[in-house]
Amino acid sequence: MAQFEGVSQMSAVHPKPVGLVLQYGTAGFRTNSKQLDHVMFRMGLLATLRSKKTKATIGVMVTASHNPEEDNGVKLVDPMGEMVTPAWEGYATQLANAEQEGLLTALKDVIEREAISIAQEASVFVGKDTRPSSESLSQAVLDGVHALESHSKDYGLVTTPQLHYMVCCQNTQGRYGDATVKGYYQKLSQAFIQLTKNVPNRTDDQKALLVDGANGIGALKVCEMETYLKKELQLSVFNDGSSGKLNHRCGADYVKVQQRAPTGVEMSAGERCWSYDGDADRIVYYYSDSAGRFHLLDGDKIATLISTYLKELLTQAGLDLQIAVVQTAYANGSSTHYLEDTMKVIVRCTKTGVKHLHHAAQEFDIGVYFEANGHGTVLFSIEAEEKIQQLAQDSNTNDKRKNTALLLQNTVNLINQTVGDAISDMLLIEAVLAIRGMTVQQWDAIYTDLPNRQLKVKVADRRVIDTTDAERRTVGPAGLQEAIDIPVNKHRQARSFVRPSGTEDVVRVYAEADTQESADALAHEVSLAVYRLAGGVGEEPKPL
Ligand SMILES: CC(=O)N[C@H]1[C@@H](OP(=O)(O)O)O[C@H](CO)[C@@H](O)[C@@H]1O
Ligand SMILES: [Mg+2]
C-alpha cells in the first residue's frame, strides 16, 4: 500500500541505532535526546494507528518533564485526555525497539492485532516543551503522523496538561472547552475570577505570589495567562528560562527532593512561592518563616486542602457524593493518618505513576489524586457533575445551597480533569485559600509532616527488584524485605520501601521516621541493603 511505502521512505530519515532498546516507562519514553529521533517518528506512526482505532484525536507530547535539559521523552495522550492505555504502551515499546528492517512488520502486527481499518481517517495533536532538542524531535513525530497520511495539528510550545486539555476538548466537540490555548486561559481564568469575586477584603498581599518556572514551559505559559487573570493574582515569575538551565537547581522536583528553596528566586520571610516542573504538570508550594525555616507544602498537603474544601461544600450543598483521596507509597504517613482518622475520607494507595492514580480516582463520585511530588488533580464523575449542575439551576433551592452549588460548579471548571496541571492547581489552591480565609501558615498547620528522606541507589539491573502491595513491599531479590524490616523496627514511627524508578536508571529509597536523623539513618541503612542484595554498582552508599 502507498502509505507503507511512505513509512519506509520516511523511516530511513529517522533510523534506529542498531541494538538500542528502550522501554515505555512510568511516563513514556525518556532518555538522552540524542537517542530519540527514531522513537519520535515511530510514536507519530503509533499515535496515528491509535487514532484510527479509537476514531478520535490522539495527543503526542514531546517532553522529559523534570529530567535534565539534555534528556527528552514522549508521552501519548488518549481520547479523553488521559494517559494512553497500558496495552498500547506495550505496542509503543515493540515499535520503538523494532530494528529498521522489521519496522513494517511490527506496524502491521499492531494493525492486525487491533483490527485497525487503515482507511479510517486519523488526527493527531502534537505539543513540545522548551528543551532545545524538542524542536527537531517534534518534527520527527509529525513526520511519522504524515507518513501514514493522518491529519495533524502542531500546538508548538505548550505545557503537557494543556495538550491533554486540547485533546479532550476536541474529542468532546467543545463540551470540555475550546481546543485552543486561548480557550484554556479563558475557561480557567473565568472560573478563578468567579470563585474569588465575592471574597471580602482580598488584599494585594494575598494576591501576590512568586512562581519558580523551572526555566521551562510553565513560566512562558503562566506569563501568557496573566492578562486573563485581570490582576486577581499578581505573579512574580522567576526562573523563566531567559538565562538559567531547565530544572537545574530549581523546579518542583528539586524543591521536593532537596527540601529547600530553588536558586534564582528572591524570596523573603512569609512570601509564598510555587515551583512548577519542566512540563508544568506538577507543583509544590513553600515559604520561609521569620526564623528562616523552610516549609514545604507538597502534593499531600494540596490533596488535604482540596478534599477538606470539597467535603465542606458538599455538606453545605446537601449533596450526597462520595469523596476519596488517592495517594502512592510516597505520601507522608501523617497525611494518610489525617485524611483517614480526622477527615474520615476514603484513602486509596496505588503504584507510582499518574495513570494508576487517575484510574483509581475514577471509581468515586469525586476522586482527589496527588502524588507527594505535586502531580495530581480532581476527577468528578458524570453523575457528580450533573447533580451539581441540577442544584445550581434548581429554582426551589435556597440561596445558600445554590451559591454553594455555584462555587462547586466554578471549582469543576477551574480544574483540568485530564491530568495534573500546575497552572490549574495553583489557581485552585489560591481560590480555596481565599474562599476559606486561610493563610499558608494555617494550611501548613493542618498536620505536621513526618521527617523523610528520598535517596537513589545505582544497581546493575534495577529490574531485579520486584514489588507488591502498591510498591510498599519487595518480593525480590530474596532477603531484601527482611533487610528493610530490621532497621524499620529500630526506629520510631518508621516506614521505608524501595522500588525501581520508571524514569531513571536507579532504585529509589524512601524512609520516614519521627526525627530527621532517624529518617536519614533509616534511608541510609535501607540503601545499603539495596546495594548489597540487589547488585549495587559504584561506591557503597555513605551516611548523609
Ligand atoms: C518518587 C517520584 O516522585 N517519582 C516520580 C517519577 O517516577 P519514577 O518512576 O519514580 O522515576 O516520575 C514520574 C513521572 O513524572 C512521576 O509520576 C513519579 O511520581
Ligand atoms: Mg512533569
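Residues numbered from 1 in each chain as written. Chains lettered and ligands numbered in written order. Predicted model: local features only at pLDDT ≥ 70, side-chain atom pairs only at ≥ 80, totals over all residues. Heavy atoms only, no water.

## Concerning the packing of helix H11 (residues 299–317) against helix H16 (residues 422–436)
For step 1, the next point in the chain: Orientation of H11 relative to H16, taken along the N-to-C sense of each, is 55°, at an axis distance of 11 Å. Considered as vectors, H11 and H16 are oriented oblique to each other. Of the two possible hands of crossing, H11 and H16 adopt the one that is left-handed. The residues of H16 that touch H11, namely those facing Ile302, Leu305, Ile306, Thr308, Tyr309 and Glu312, are Leu428, Ile429, Val432, Leu433, Ile435 and Arg436.
For step 2, the next point in the chain: The residue inventory of the contact of H11 with H16, partitioned by class, reads nine nonpolar, one polar and two charged. (Axes fitted to C-alpha atoms, helices over the stretch in contact; angles between N-to-C directions. Helix = DSSP H or I, 4+ residues; strand = E, 2+ residues; numbered from the N terminus. Parallel < 35°, antiparallel > 145°, perpendicular 65-115°, else oblique. Left-handed = near helix turned anticlockwise from the far one by under 90°. Contact = heavy atoms within 4.5 Å. Nonpolar A, V, L, I, M, F, W, Y, C, P; charged D, E, K, R; others polar.)

## As for the sheet that holds strand S6 (residues 208–212)
For step 1, the next point in the chain: Spatial ordering of the open sheet is given by S7-S6-S8-S9-S10, a layout of five strands whose pairing is mixed. With one partner strand each, in any of the chains shown, strand S7 (234–238) and strand S10 (294–297) form the two edges of the open sheet. Averaged over neighbouring strand pairs, the angle between their axes works out to 25° when direction is ignored.
For step 2, the next point in the chain: Sheet analysis places strand S9 (residues 283–288) next to S10, joined by four bridges and oriented antiparallel. Across the sheet, the residue bridging to Tyr286 is Leu296, located in S10.
For step 3, the next point in the chain: Contacts from H16 reach S6, S7, strand S8 (273–276) and S9 within the one sheet, and its direction differs from that of S8 by about 160°. (Pairing = 2+ DSSP bridges.)

## Points about the coordination of the magnesium ion (ligand 2)
For step 1, the next point in the chain: The magnesium ion (ligand 2) binds to the protein through Ser65 (OG), Asp277 (OD), Asp279 (OD) and Asp281 (OD), with metal-donor distances spanning 2.0 to 2.2 Å.
For step 2, the next point in the chain: Donor residues for the magnesium ion (ligand 2), ordered by position in the chain, follow S-x211-D-x1-D-x1-D.
For step 3, the next point in the chain: On the basis of relative accessibility, which here comes to 0%, the residue Asp279 falls in the buried class. (Donors = N, O, S within 2.8 Å, 3.2 Å for Na, K, Ca; no water. Buried < 20%, exposed > 50% of the residue type's maximum accessible area, 1.4 Å probe, protein only.)

## Description of the nonpolar core
For step 1, the next point in the chain: Of all hydrophobic cores here, the largest spans 79 residues; its most connected members are Tyr276, Leu310, Met426, Leu427 and Trp443.
For step 2, the next point in the chain: When near neighbours in sequence (up to four residues on either side) are disregarded, Leu310 contacts Ile323, Ile366, Val368, Val378, Phe380, Leu408 and Thr411.
For step 3, the next point in the chain: Listed in part, the 43 residues of the second largest apolar core include Phe4, Met40, Ile58 and Tyr91. (Core = buried A, V, L, I, M, F, W, Y, C linked by side-chain atoms within 4.5 Å.)

## A few points about the UniProt feature "domain: Phosphoacetylglucosamine mutase AMG1" (unreviewed entry) in the protein
For step 1, the next point in the chain: Per the UniProt annotation, the sites labelled "domain: Phosphoacetylglucosamine mutase AMG1" (unreviewed entry) are residues 179–284 and 298–436.
For step 2, the next point in the chain: Structurally, residues 179–284 comprises 34% helix and 15% strand, and the distance from its first C-alpha atom to its last is 27 Å.
For step 3, the next point in the chain: Annotation note: span residues 298–436, helix share 58%, strand share 15%, distance between end C-alpha atoms 19 Å. (UniProt positions renumbered as here; feature names shortened; annotations may be inferred.)

## Notes on helix H15 (residues 399–414)
For step 1, the next point in the chain: Compared with an ideal rise of 1.5 Å per residue, which puts 16 residues at 22 Å, H15 spans 22 Å between its outermost C-alpha atoms and is within 8% of the ideal.
For step 2, the next point in the chain: Inspection of H15 places Thr404, Ala405, Leu408, Asn410, Thr411, Val412 and Leu414 among the buried residues, and these make up the whole buried set.
For step 3, the next point in the chain: Each element contacted by the buried residues of H15 is listed here: helix H7 (181–196), H11, strand S14 (376–380), helix H14 (382–393) and H16.
For step 4, the next point in the chain: Structurally, the start of H15 carries an N-cap: the backbone nitrogen of Lys400 is 3.2 Å from a side-chain oxygen of Asn398. (Expected span 1.5 Å × (residues − 1). Polar contact = N/O pair within 3.5 Å; in protein donor to acceptor, adjacent residues only side chain to side chain.)

## Here we look at the pattern of salt bridges
For step 1, the next point in the chain: Within this structure, the stated rule accounts for 31 salt bridges.
For step 2, the next point in the chain: Note that Asp279 and Lys75 form a salt bridge whose closest N and O atoms lie 3.1 Å from each other. Highlighted residues: Asp279 in the loop between S8 and S9 and Lys75 in strand S3 (residues 71–77), separated in sequence by 204 residues. Across the pair, exposure class does not vary: Asp279 and Lys75 are buried alike.
For step 3, the next point in the chain: For the salt bridge of Arg508 with Glu504, the shortest nitrogen-to-oxygen distance reads 3.1 Å. (Salt bridge = Lys/Arg side-chain N within 4 Å of Asp/Glu carboxyl O.)

## Concerning the site of ligand 1
For step 1, the next point in the chain: Taken together, 16 residues sit near ligand 1, with Arg499, Ser501, Gly502, Thr503 and Arg508 positioned nearest.
For step 2, the next point in the chain: In this structure, an oxygen atom belonging to ligand 1 sits 2.7 Å away from a main-chain N or O atom of Gly502.
For step 3, the next point in the chain: When ligand 1 is considered free in solution it has 440 Å² of accessible area, and contact with the protein chains removes 96% of it. (Near = heavy atom within 4 Å. Areas by Shrake-Rupley, 256 points an atom, 1.4 Å probe, with all protein chains shown as cover.)

## Overview of the domain arrangement of the protein
Reports often express the size of an interface as the amount of accessible area lost when the parts come together.
For step 1, the next point in the chain: Domain assignment breaks the protein into domain 1 (2–157), domain 2 (183–296), domain 3 (299–421 + 429–444) and domain 4 (452–533).
For step 2, the next point in the chain: Each of domain 1 and domain 3 has a C-alpha centre, and these two points are 34 Å apart.
For step 3, the next point in the chain: In this complex, domain 1 contributes seven residues to the contact, which on the side of domain 3 involves seven residues.
For step 4, the next point in the chain: When the area that domain 1 buries against domain 3 is broken down by residue, the three leading residues are Thr26, Gly81 and Met83, summing to 65%.
For step 5, the next point in the chain: If you look at where domain 1 meets domain 3, you find one salt bridge.
For step 6, the next point in the chain: Joining domain 1 to domain 3, the criterion identifies one residue pair in polar contact (both at pLDDT 80 or more).
For step 7, the next point in the chain: Here the side of domain 1 that touches domain 3 is composed, by residue class, of two nonpolar, three polar and two charged. (Domains from an automatic or database assignment. Buried area = accessible area lost by both parts, 1.4 Å probe.)

## Structural notes on the sheet that holds strand S18 (residues 495–500)
For step 1, the next point in the chain: Ordered in space as S15-S19-S18, the three strands form an open sheet in which the pairing is antiparallel. A strand with exactly one partner marks an edge of an open sheet, and here the two such strands are strand S15 (452–457) and S18. Averaged over all pairs of adjacent strands, the angle between strand axes in this sheet comes to 15°, irrespective of strand direction.
For step 2, the next point in the chain: The strands touched by helix H19 (residues 516–533) within the sheet are S15, S18 and strand S19 (507–512), with S15 carrying the most contacts at an inclination of about 20°.

## Some words on unusual backbone geometry
Where the residue is not glycine, phi is negative for most of them; where a peptide bond is considered, it is trans in most cases.
For step 1, the next point in the chain: Looking along the chain, the bond that leaves Gly476 and enters Pro477 is cis, with omega of -5°.
For step 2, the next point in the chain: Note that Pro477 resides in the loop between strand S17 (473–476) and helix H18 (480–490).
For step 3, the next point in the chain: With a phi angle near 50°, Gln173 is a residue other than glycine that sits in the positive phi range.
For step 4, the next point in the chain: Tracing the chain through its elements places Gln173 in the loop between helix H6 (160–171) and H7.
For step 5, the next point in the chain: For Gln173, a relative accessible area of 62% corresponds to the exposed category.

## Examining the packing of aromatic side chains
Aromatic ring pairs: the centre-centre distance and the angle between the two ring planes describe each pair.
For step 1, the next point in the chain: One pass over the full model with this rule turns up 14 aromatic pairs.
For step 2, the next point in the chain: Note on Tyr330 and Phe497: the rings are 4.8 Å apart at their centroids and 65° apart in plane angle, and the pair reads as edge-to-face. Residue Tyr330 is located in the loop between strand S11 (323–328) and helix H12 (333–342), and its partner Phe497 is located in strand S18; the two are separated by 167 residues in the primary sequence.
For step 3, the next point in the chain: On the accessibility criterion, Tyr330 (9% relative accessible area) is buried.
For step 4, the next point in the chain: Residue class for Phe497 comes out buried when judged on its relative accessible area of 2%.
For step 5, the next point in the chain: Ring pairs connect the aromatic residues Tyr165, Tyr176, Tyr184, Tyr185 and Tyr228, which therefore count as one cluster.
For step 6, the next point in the chain: Its end group placed over the ring of Tyr176, Lys187 keeps NZ or CZ at 3.8 Å from the ring centre.
For step 7, the next point in the chain: Against the face of Tyr447 rests Lys301, its NZ or CZ located 4.6 Å from the ring centre. (Phe/Tyr/Trp six-rings, centres within 6.5 Å; stacked < 30°, edge-to-face > 60°. Lys NZ or Arg CZ within 6 Å of the ring centre and 35° of its normal.)

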